[in-house]
Amino acid sequence: MKRIEIVGGGLAGLSLGIALRNAGVSVTLFEAGNYPRHRVCGEFINGLAPSTIHALGIEDAFRDAVLNRDVAWVRAGRALRHQRLRSPALGLSRYELDQRLAELFVARGGELQTDHRVGDTEGEISGRVLALGRRRARTTWIGLKLHALDFPLLRDLEVHLGERAYVGATRVENGRVNLCGFFQRRSLGGRGAQIFIGYLRAAGLDDLADRLRDAEIDETSFCAVAALQCDRAAVATPELRLGDACAMIPPFTGNGMAMAFQSAECALGPLVAFAHGNLSWSVARQTVQRALRRRFRVRLAVAQILHPFLLQRGMQATLSLLNRAQLVPLTPLHRVLH
Ligand SMILES: Cc1cc2nc3c(=O)[nH]c(=O)nc-3n(C[C@H](O)[C@H](O)[C@H](O)COP(=O)(O)OP(=O)(O)OC[C@H]3O[C@@H](n4cnc5c(N)ncnc54)[C@H](O)[C@@H]3O)c2cc1C
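Keep in mind that what you see is a predicted model, and the values were worked out from it rather than measured.

Further remarks concern the pairing of strand S2 (residues 27-30). Side-chain positions along a regular strand alternate between the two faces of the sheet. Neither face of S2 is exposed, since Val27 and Leu29 on one face and Thr28 and Phe30 on the opposite face are all buried. As judged from the 4 bridges shared by strand S1 (residues 4-7) and S2, these two strands associate in the parallel manner. Within S2, the position partnered with Ile6 by the bridge is Leu29. Each parallel crossover has a hand, and the one from S1 via helix H1 (residues 11-22) to S2 is right-handed. Where S2 meets strand S6 (residues 111-113), 3 bridges bridge the pair, whose relative direction is parallel. The residue bridging Leu29 from the neighbouring strand is Leu112, located in S6.

And the structure:
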């Protein structure tokens, strides 16, 4: 049987590794970092069906995930809209989730090499899957996140729209609240939570900044990423790319993690067939790439169109007006986006 090599031990890479091991395939996974660790992420897992969790065999990782269903959309400190999701999103920190998946992968007999960054990832290599996370780009968008320990919420998830920024605050395990923002980069001083609060104030989100200032914060959870770009699917590549390495959907959808798992689900069958010698590598790769395109094309396109409405003051005002006139069809949009 042929071995599969996975580069990148985030959600796409680890869940694929676990599923392949469950199917008896030999897997080596290289991860540049280590576990556990905090990651910049809203930690709001929206649109992940139980069937995908089951197909990947990762039920155990979600054992104490919080069920989050009610969303408050807030602009300039004023409630804009309340949304009740058709099915609950899962609230679980990346600190726990990635660590649990890594443990599951090893427990299933996967070979995990941490602190191992693979240098050259360009070009087709038979049996190699790239799950490297987002592609870097020259942009001025950054992401910040931290956990607050006593932070009462208006709803299960609050989404605050600010000036060239939006911030989500949601419940995760152990009574924690994760705050995560997508911001235009600014030159602000400070460290950890001070930086986050500075960004909130610069975006005009003073209410949220005041609440955070008064909360108990886990400073070790603060993290940041720069050069964010939300892009269309990069499926027509000589490499097989999954998760954010294939396409990054704008974070407001809360769907990037579900897409990482779904992309692993799409890849599973063809990769098992390759490992057993029933498909050549190039046929397996192209089969997966076609499945990814079919599954994600529409939601990526719609999310790209909507993203500016959350970030720009003029477009937010239009959104407010449309919303007041009951012209924002949240339920159909949610269906298309997940
Ligand atoms: C600000 C922000 C908020 C977000 N909020 C949400 C949200 O609320 N809900 C949601 O569903 N999604 C959200 N997302 C998106 C979500 O975080 C990603 O879609 C998800 O992490 C993608 O998983 P992945 O496995 O593709 O990549 P990652 O989880 O990024 O994993 C990639 C891994 O590859 C490793 N790696 C990279 N290069 C190499 C190399 N050369 N060799 C070895 N290892 C390598 C990295 O160390 C990393 O561990 C958010 C994203 C941002 C930026």
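Quick look at the packing of aromatic side chains now. Under the definition given, this model contains 7 aromatic pairs. Ring geometry for Trp141 against Phe182: centres 5.2 Å apart, planes inclined by 20°, an arrangement best described as stacked. Placement of the pair is Trp141 in strand S8 (residues 141-148) and Phe182 in strand S11 (residues 177-184), with a sequence separation of 41 residues. With respect to class, Trp141 is no different from Phe182; both count as buried. Look at Phe183 and Tyr199: their rings are 5.1 Å apart centre to centre, the planes differ by 55°, and that puts the pair in the tilted class. Taken together, the positions of Phe183 in strand S11 and Tyr199 in helix H4 (residues 193-202) put the pair 16 residues apart, joining distant regions of the chain. Take Tyr199: its relative accessible area is 4%, and that puts it in the buried class. Members of the aromatic cluster, each reached through a chain of ring pairs, are Trp141, Tyr166, Phe182 and Phe252.

Among the nonpolar cores identified, the biggest contains 79 residues, and Leu20 and Phe62 are the most heavily contacted of them. Here this core gets 13 residues from one element, more than from any other, and that element is helix H6 (residues 256-275). Listed in part, the 23 residues of the second largest apolar core include Leu144, Leu200, Leu205 and Leu212.

Taken in spatial order, the 8 strands line up as S3-S5-S4-S9-S10-S11-S8-S12 in an open sheet, and their pairing is mixed. The sheet terminates laterally at strand S3 (44-45) and strand S12 (217-225), the two strands that pair on one side only. As judged from the 2 bridges shared by S3 and strand S5 (residues 78-91), these two strands associate in the antiparallel manner. The partner of Phe44 across the bridge, within S5, is Gly91.

To continue, consider the pattern of salt bridges. A full pass over the atoms with the stated rule returns 21 salt bridges. Its salt-bridge partner being Arg84, residue Asp70 comes within 3.2 Å of it at the nearest N-O pair. Remark: Arg84 occurs in strand S5 and Asp70 occurs in strand S4 (residues 66-75); sequence separation between them is 14 residues. Residue Asp70 is classed as buried on the basis of its relative accessible area, which comes to 18%. By relative accessible area, which is 53% here, Arg84 ends up exposed. Residue Glu124 is joined to Arg285 by a salt bridge in which the shortest nitrogen-to-oxygen separation is 3.3 Å.

Paired through backbone hydrogen bonds, the strands of a sheet run either parallel or antiparallel to each other. Across the sheet, 5 strands lie side by side as S6-S2-S1-S7-S13; this open sheet has parallel pairing. Here the strands that pair on one side only, and so sit at the sheet edges, are S6 and strand S13 (240-241).

Time to look at the site of the ligand. Among the 35 residues in the neighbourhood of the ligand, the closest are listed as Glu31, Arg37, Gly42, Asp244 and Met257. Between the ligand and Glu31 there is a distance of 2.7 Å, counted from an oxygen atom to a side-chain nitrogen or oxygen. When the free accessible area of the ligand is taken as 1000 Å², the share hidden by the protein chains comes to 92%. Broken down by secondary-structure element, the contributors of at least two residues to the shell around the ligand are H1, S11 and H6. Among the elements that take part in the shell around the ligand, H6 stands out by supplying 3 residues, more than any other. Partitioned by chemical class, the residues of the shell around the ligand number 17 nonpolar, 11 polar and 7 charged.

Criteria and thresholds
- Residues numbered from 1 in each chain as written.
- Predicted model: local features only at pLDDT ≥ 70, side-chain atom pairs only at ≥ 80, totals over all residues.
- Heavy atoms only, no water.
- Buried < 20%, exposed > 50% of the residue type's maximum accessible area, 1.4 Å probe, protein only.
- Helix = DSSP H or I, 4+ residues; strand = E, 2+ residues; numbered from the N terminus.
- Pairing = 2+ DSSP bridges.
- Right-handed = clockwise from strand over helix to strand, strands pointing away.
- Phe/Tyr/Trp six-rings, centres within 6.5 Å; stacked < 30°, edge-to-face > 60°.
- Core = buried A, V, L, I, M, F, W, Y, C linked by side-chain atoms within 4.5 Å.
- Salt bridge = Lys/Arg side-chain N within 4 Å of Asp/Glu carboxyl O.
- Near = heavy atom within 4 Å.
- Polar contact = N/O pair within 3.5 Å; in protein donor to acceptor, adjacent residues only side chain to side chain.
- Areas by Shrake-Rupley, 256 points an atom, 1.4 Å probe, with all protein chains shown as cover.
- Nonpolar A, V, L, I, M, F, W, Y, C, P; charged D, E, K, R; others polar.

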